[in-house]
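# Structural characterization, general
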Amino acid sequence: MSKPIPTERSESVFSDFKHEYAPHQAAVEANRCLYCSDAPCTKACPTHIDVPEFIRKIATENVKGSARTIFDANILGMSCARVCPVEVLCVGDCVYNAMGVPPIQIGKLQRYATDQAYEKGWRFFEAGKPTGKSVGLIGAGPASLAAAHELRRMGHACTIYEKREVIGGLNTTGVAPYKMRADRSVDEAEWVLAIGGIDVKTGVEIGKSHAFEELEKKHDAVFVGVGLGPDTRLGVPGEELPGIHGAVELIERMKLGKLPLQGVKHALVIGGGNTAIDGVRELMVLGVPNVTLVYRGQEPKMPGYRHEWSAAREAGVSALFQAVPVAFEGSGKVERARCVRMDENKKPIAGSEFNVAAELVLMAIGQSTLGEQLASLGHRDQKGSGRHRRTRCHRAQGLVRRRRLSQRWQRSRERRGRRQGRGAGHSLALGRQKCLI
Amino acid sequence: MPDLTTNCAGIRSPNPFWLASAPPANSGGQVQRAFDAGWGGAVWKTLGQPIQNVSSRFGAINYSGTRAIGFNNIELITDRSLEVNFREIYETKKKFPKHAVVVSLMVETQEEWKDIIKRSIDAGADGLELNFGCPHGMCERGMGSAVGQEPLVNERITSWAVEYSTVPVLVKLTPNVSDVLPHGLAAQKGGAHGVSLINTIKSIIAVDIDRFVPEPRVGSLSTNGGYCGAAVKPIALHMLARLTRSGEFKIPVSGIGGITNWRDAVEFMLLGASSVQVCTEVMLKGYRIVEDMIEGLDEYMASHGFDTLDQLVGKAVPAFSEWGDLDLNYETIAKIDAKKCIGCQLCVVACHDGAHQCIHQSKETNGDATRVPVIDESECVGCNLCKIVCPVPDCISMVPVDNGFAPATWNQHVTEGLPLRPKKGAH
């Protein structure tokens with residue numbers, strides 16, 4: 001089982017960026033919802049939550065039913081309500097946008113309903129009749145937890161193998177604490193596991209302590225829910241100096257313990273994605289006086305979400321665009337980054353080098369890919385296509401995307417399938433060797 | 001500048017907005033503040049033998065997050081002494097000689113009527129309103145709606161009042177009858193100068209689903225109350241028009257029932273009310289709402305070229321007819337303005353589940369533009385449902401179509417054999 005996370009953690013100083021709704025606030029917002037048919041918000045949701053339905057249930061004070069609607073489509077509805085980039089998904093597609101009316105705050109309403117479920121101890125699902133089949137799931141992150149819960153509803157036995165001592169994966173170790181703190185993620189993992197029949201083995205690293213083949217022999221199917229790998233490095237001189245960290249690695253340390261930041265007056269976060277944006281906001285709140293995001297491209301072309309960057313800007317972070325470090329310098333630890341200016345095509349401009357003070361540097365320029373991850377498991381397919389040997393290994397995203405749909409959806413899909421002269425091809429049927437990608 | 005001066009059955013006021021006989025017109029202090037705020041008149045909360053009230057007394061219906069779209073009460077007539085009421089009426093009239101103070105009355109015997117009418121007029125009443133409508137409590141004692149539901153009793157008591165009164169007499173009618181016309185005619189026959197309608201509708205506003213007791217709750221019991229507020233307007237409008245389009249009924253009407261703003265007031269006037277009375281909206285929002293009512297009516301009259309209220313009172317009455325006189329060959333179909341459509345598809349689901357299955361999702365379902373639904377015009381019956389559910393103003397319009405058929409009503413079809421167009425959506 002999971003080891004409890006420390007109570008003393010750097011992330012504890014963060015408060016919620018988006019405040020929770022009180023019942024009357026949720027009621028006002030829920031009553032604004034038009035209850036669209038064939039709703040764009042539901043279509044935009046990667047887990048196809050029936051958004052208008054769960055919102056209507058809040059409006060009628062059937063909050064328990066609302067939570068059931070959410071969890072039926074997405075058992076991780078509580079954490080998704082906090083971390084999902086709703087601005088570019090359901091909320092971004094709300095029809096009110098086309099009317100020039102503020103869109104419904106779907107994420108906040110989802111948080112309201114799911115928080116109530118946790119608070120009141122509501123549970124909705126039971127394990128299915130045992131099928132005698134077992135599934136091994138690698139990684140105890142969101143993908144495996146969701147998949148295992150779904151598999152348990154169908155009656156399959158599940159074993160999750162997790163290399164860390166704590167469970168919850170990126171939800172526990174990587175989510176910006178102003179969205180969700182680690183303890184909340186561990187609560188969620190335990191809430192999901194409470195369906196029973198999911199054996200969690202922590203401290204087990206597939207490919208090291210156990211061979212992948214061992215899992216294949218032991219289980220009828222294997223689910224690979226490993227997420228992404230370690231932080232990518234720039235590969236420039238001085239990058240090994242103390243004080244230079246991978247962003248994901250440092251965020252994990254902040255979320256699971258105390259981060260020593262004494263003496264850090266200047267911090268640089270290299271990258272323009274969402275991890276970089278999280279990084280600068282987090283270091284600022286943790287008290288680093290000067291935090292600068294360094295991105296090689298132009299501001300409008302940052303890959304991070306615009307709404308996240310705007311929020312970071314409002315929080316007061318500074319940024320250096322069209323620049324990239326070419327070396328790190330310092331005696332015994334990093335003291336400065338030597339940067340070069342980039343042109344519009346992200347090509348270095350000769351003779352434009354300059355120094356930036358930095359006692360702390362976070363590399364947020366990406367993580368290793370699934371193919372590399374699979375290779376580290378000792379898995380033969382290194383292309384990351386997700387298909388492998390009679391398709392018994394299911395890539396996490398694909399499986400989660402095609403998780404069991406709500407009954408109604410399932411039926412309508414089956415009907416459509418029959419009309420088109422084929423069976424319902426999307427159910428998760430073990431032993432039928434379906435490719436779920 | 002339009003003239004809002006009002007004359008309803010001989011009762012004059014600077015504008016047609018009167019407080020109805022109810023808690024907002026319970027005392028001199030209140031009525032005087034209301035007049036200061038701009039109200040043209042007030043019907044003083046019903047005087048009679050002061051009663052003892054229960055607590056609680058009010059209940060409300062909320063709908064989709066909007067509070068109190070409907071309201072009810074189990075409060076009775078005044079609980080203050082007649083002496084105090086008359087003194088305050090006197091003081092109010094002295095301060096506001098041009099405003100209308102109508103005194104609502106409810107007593108039992110002929111002697112009591114005679115006495116209370118004299119005292120009301122002595123206090124300065126500009127008119128009287130006989131409360132024949134209260135549907136709770138007082139009717140159990142043989143007053144209120146118990147009188148209003150019996151045309152002969154109504155007529156007799158009205159005739160007493162008219163005999164004893166030197167000021168105009170209005171009879172306040174109850175809606176708790178199958179047809180209001182005989183009751184209006186009874187008041188007219190009794191000599192009333194006008195009627196006011198509607199009083200509240202007999203109702204149970206809600207049930208406390210945890211305590212298993214209707215609301216409003218008095219200890220462990222409740223009783224039926226009088227329903228009012230915005231939700232009752234359609235019932236009131238119909239009863240008003242039922243009287244005003246009748247050739248027999250000829251006296252003025254003061255309109256009451258769900259009036260919350262100047263638009264509602266205009267609707268009542270167009271159907272024949274020469275003044276309007278407001279209670280619930282004042283209870284919920286205060287006297288200050290009258291500012292907008294006056295301004296809105298003023299602007300409406302100016303923009304429609306009405307100089308005086310007489311010109312608009314009753315203007316929509318001729319257009320209120322019977323089903324048999326409607327043109328069956330008049331045909332509209334729904335049109336969607338694709339530029340305005342936001343793709344909510346509420347019209348699709350409403351038409352499919354609640355109407356005639358003639359609005360469909362666009363076949364190409366990818367992309368935003370194709371979320372604009374398609375109307376099968378050969379099946380559209382022109383029912384209005386899509387337009388009603390559409391959240392975007394003027395996105396769906398009902399457009400008349402020329403089907404080549406001359407107008408024909410059901411009555412004409414039956415009596416003269418005029419041809420009717422083929423039915424749509426009836427297969």
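Parameters at a glance
- Here the residue numbering is sequential within each chain, running from 1 through the sequence in written order.
- Labels are handed out in written order, letters beginning with A for the chains and numbers beginning with 1 for the ligands.
- A pLDDT threshold of at least 70 governs which residues receive local features in this predicted model, and a stricter bar of 80 or more applies before side-chain atom pairs are shown or counted, although totals over entire chains, interfaces and linings include all residues.
- Each side-chain value is worked out from all heavy atoms of the structure, with water and hydrogens disregarded.
- Any residue under 20% of the maximum accessible area for its type is buried, any over 50% is exposed, and the rest in between are partly exposed; the area is computed with a 1.4 Å probe on protein chains only.
- Numbering of helices and strands runs from the N terminus; a helix is a DSSP stretch of H or I covering at least four residues, while a strand is a stretch of E covering at least two.
- In what follows, a contact means two residues having at least one pair of non-hydrogen atoms within 4.5 Å.
- For two strands to be treated as a pair, DSSP must find no fewer than two bridges joining them.
- Angular values range over 0 to 180 degrees, each being the angle between N-to-C directions of two axes fitted as lines to C-alpha atoms, with helices fitted over their stretch in contact.
- For patch building, the residue pool is restricted to those with more than 30% relative accessible area and no salt bridge; the joining distance is 9 Å between like charges and 5 Å between nonpolar side chains (Val, Leu, Ile, Met, Phe, Trp, Tyr).
- Where accessible areas are quoted, they stem from the Shrake-Rupley method and a 1.4 Å probe; at the residue level, only the protein chains shown are allowed to cover.
- When a carboxyl oxygen of Asp or Glu lies within 4 Å of a side-chain nitrogen of Lys or Arg, that pair is called a salt bridge.
- The term buried area means the drop in 1.4 Å probe accessible area that two parts suffer when joined, counted for both and summed.
- Side-chain atoms alone can form a polar contact between residues adjacent in sequence; in general such a contact is a pair of N or O atoms within 3.5 Å, and within protein one must be able to donate a hydrogen while the other accepts it.
- All residues other than Ala, Val, Leu, Ile, Met, Phe, Trp, Tyr, Cys, Pro, Asp, Glu, Lys and Arg, Gly among them, are scored as polar; the first ten of these are nonpolar and the last four charged.
- The scheme is simple: roughly parallel for angles under 35 degrees, roughly antiparallel for over 145, roughly perpendicular for 65 to 115, oblique for anything else.
- Crossing handedness is read from the near helix: turned anticlockwise from the far helix by less than a right angle, it gives a left-handed crossing, and turned clockwise, a right-handed one.
- Each residue carries a pLDDT value, the predictor's own confidence for that position, ranging from 0 to 100.
- Positive charges come from Lys and Arg, negative ones from Asp and Glu, while His and the chain ends are left out of the count.
- For the purpose of locating charges, the reference atoms are NZ of Lys, CZ of Arg, CG of Asp and CD of Glu.
- By convention, a stacked pair of Phe, Tyr or Trp rings (six-membered ring in the case of Trp) has centres within 6.5 Å and planes under 30 degrees apart, an edge-to-face pair has planes over 60 apart, and any other such pair is tilted.

## Let's talk about helix H11 (residues 346-354) of chain B
Within the sequence span of H11 of chain B, burial applies to Leu-346, Cys-347, Val-348, Ala-350 and Cys-351 of chain B. At its buried positions, H11 of chain B is contacted by strand S17 (331-336), strand S18 (359-360), helix H12 (385-389) and strand S20 (396-401) of chain B.

## Looking at the sheet that holds strand S11 (residues 354-357) of chain A
Residue and element names in this part refer to chain A. Strand order in the open sheet made by the 3 strands is S9-S10-S11, with antiparallel pairing throughout. Edge strands, defined here as strands with exactly one partner in the open sheet, are strand S9 (323-329) and S11. In this sheet, adjacent strand axes meet at a mean angle of 35 degrees when their direction is disregarded.

## Comments concerning a nonpolar patch on the surface
Taken together, Trp-323, Leu-326, Trp-410 and Val-414 of chain B make up a surface patch of nonpolar side chains, about 460 Å² in accessible area. Secondary-structure assignment places Trp-410 of chain B in helix H13 (residues 410-416).

## Things to note about the interface of chain B and chain A
In this assembly, 14 residues from chain B lie in contact with 12 residues from chain A. Among the residues chain B hides against chain A, the three largest losses belong to Ile-342, Leu-346 and Arg-371 of chain B. Together they make up 46% of the total. On inspection of chain B and its partner chain A, the count reaches 1 salt bridge. In this structure, the salt-bridge partner of Arg-371 of chain B is Asp-38 of chain A, at a minimum N-O distance of 3.5 Å. Run the count over chain B and chain A and you get 5 residue pairs in polar contact (both at pLDDT 80 or more). Across the side of chain B that touches chain A, the residue classes break down as 7 nonpolar, 6 polar and 1 charged.

## Focus on the pattern of salt bridges
Side chains that carry opposite charge are capable of pairing whenever their charged atoms lie near each other. In the structure shown here, the tally under the stated rule is 41 salt bridges over all chains. Its salt-bridge partner being Glu-299 of chain A, residue Arg-313 of chain A comes within 3.5 Å of it at the nearest N-O pair. With a gap of 14 residues between them, Arg-313 of chain A in helix H15 (residues 306-315) and Glu-299 of chain A in the loop between strand S7 (290-295) and H15 connect regions that are remote in the sequence. Using a relative accessible area of 31% as the deciding quantity, one classes Glu-299 of chain A as partly exposed. Notably, a salt bridge pairs Glu-88 of chain B with Arg-80 of chain B, separated by 2.6 Å at the nearest N-O pair. Connected through salt bridges with shared partners, the residues Asp-16, Glu-20, Arg-82, Arg-111, Asp-115 and Arg-184 of chain A form a single ionic network.

## Description of the pairing of S17 of chain B
Residue and element names in this part refer to chain B. Here S17 lies mainly inside the structure; 5 of its 6 residues are buried. Inspection of the sheet shows S17 paired to S20 by 6 bridges, in the antiparallel sense. Note that in S20 the partner of Thr-332 across the bridge is Pro-400.

## Details of the side chain of Ser-134 of chain A
Inspection of the secondary structure puts Ser-134 of chain A in strand S1 (residues 134-138). Those residues within four positions of Ser-134 of chain A in sequence are excluded, and the remaining contacts are Ala-157, Lys-218, His-219, Asp-220 and Ala-221 of chain A.

## Topic: the packing of helix H1 (residues 23-32) of chain A against helix H3 (residues 51-59) of chain A
Residues and elements named next belong to chain A. One way to put it is that H1 packs onto H3 with a least axis distance of 8 Å and a crossing angle of 130 degrees. Relative to H3, H1 is oriented oblique. The element H1 and its partner H3 pack so that their crossing is left-handed. Two secondary-structure elements touch here, H1 through Ala-26, Ala-30 and Asn-31 and H3 through Ile-55, Ile-58 and Ala-59.

## Let's talk about unusual backbone geometry
Here the amide bond leading from Leu-197 of chain B into Ile-198 of chain B is cis, since omega sits at 5 degrees, within 30 degrees of zero. Tracing the backbone shows Ile-198 of chain B in the loop between strand S10 (194-197) and strand S11 (201-203). Following Glu-215 of chain B, the chain continues into Pro-216 of chain B via a peptide bond in cis, with omega recorded as -5 degrees. Mapping Pro-216 of chain B onto the fold places it in the loop between strand S13 (213-215) and strand S14 (225-228). For Tyr-35 of chain A, which is not glycine, the phi dihedral falls at a positive 60 degrees. With respect to the helices, strands and loops of the structure, Tyr-35 of chain A is situated in the loop between H1 and helix H2 (40-44). Backbone geometry at Ser-64 of chain B places phi at a positive 45 degrees, although glycine is not the residue there. With respect to the helices and strands, the residue Ser-64 of chain B is situated in the loop between strand S5 (58-63) and strand S6 (66-73).

## Comments concerning the environment of Asn-53 of chain B
Residues and elements named next belong to chain B. Structurally, Asn-53 can be placed in the loop between strand S4 (41-47) and S5. Asn-53 gets classed as buried once you look at its relative accessible area, which sits at 10%. Placed 26 residues apart in sequence, Asn-53 and Asp-79 show a C-alpha to C-alpha distance of 7.3 Å. Leaving out residues up to four positions away in the same chain, Asn-53 has contacts with Ile-74, Glu-75, Leu-76, Ile-77 and Asp-79. Engagement of the side chain of Asn-53 in a polar contact is seen with the backbone nitrogen of Leu-76, the distance being 2.9 Å.

## Focus: the confidence of the model for chain B
Overall, the predicted model of chain B reaches an average pLDDT of 96, with 99% of residues at or above 70. Model confidence for the complex: the whole-complex pTM is 0.87, and ipTM, which rates the interface, is 0.86.

## Concerning the sheet that holds strand S8 (residues 127-131) of chain B
Residues and elements named next belong to chain B. Strand order in the closed barrel formed by 8 strands is S3-S4-S7-S8-S9-S10-S15-S16, and the pairing between neighbours is parallel. Averaged over all adjacent pairs, the angle separating strand axes in this sheet is 25 degrees, with direction ignored. Across 3 bridges, the pairing between S10 and strand S15 (residues 253-256) is parallel. Within S15, the residue paired with Leu-197 across the bridge is Gly-255. The strands that helix H3 (residues 110-123) touches are S4, strand S7 (100-105) and S8; relative to S7, the one it contacts most, it runs at about 165 degrees. Along the sheet face, helix H5 (residues 151-164) touches S8 and strand S9 (169-172) and points at about 155 degrees away from the line of S9.

## Overview of a negative patch on the surface
Residues and elements named next belong to chain B. On the surface, a cluster of negative charge is contributed by Glu-291, Asp-292, Glu-295 and Glu-299. Position of Glu-295 relative to the elements: it lies in helix H10 (residues 290-304). Residue classification places Glu-295 among the exposed residues on the basis of a relative accessible area of 52%.

## Brief notes about the packing of helix H2 (residues 82-95) of chain B against H3 of chain B
Residues and elements named next belong to chain B. Two elements in contact, H2 and H3, have axes separated by 8 Å at closest approach and are oriented at 30 degrees. On H3, the residues that touch Leu-82, Glu-83, Phe-86, Ile-89 and Tyr-90 of H2 are Ile-116, Arg-119, Ser-120 and Ala-123. For the contact of H2 with H3, the residue count by class is 6 nonpolar, 1 polar and 2 charged.

## Looking at the packing of aromatic side chains
Residues and elements named next belong to chain A. For the coordinates displayed, the defined rule picks out 13 aromatic pairs over all chains. Residues Phe-17 and Tyr-178 carry aromatic rings whose centres are separated by 6.3 Å and whose planes lie at 75 degrees to one another, so their mutual orientation is edge-to-face. Residue Phe-17 is found in the segment before H1, and its partner Tyr-178 is found in the loop between helix H10 (170-173) and helix H11 (182-193); the two are separated by 161 residues along the sequence. Residue Phe-17 is classed as partly exposed on the basis of its relative accessible area, which comes to 41%. Each ring, one from Tyr-118 and one from Trp-191, has its centre 4.6 Å from the other, and the planes form 25 degrees; the classification is stacked. Residue Tyr-118 is located in helix H8 (residues 106-120), and its partner Trp-191 is located in helix H11; the two are separated by 73 residues in the primary sequence.

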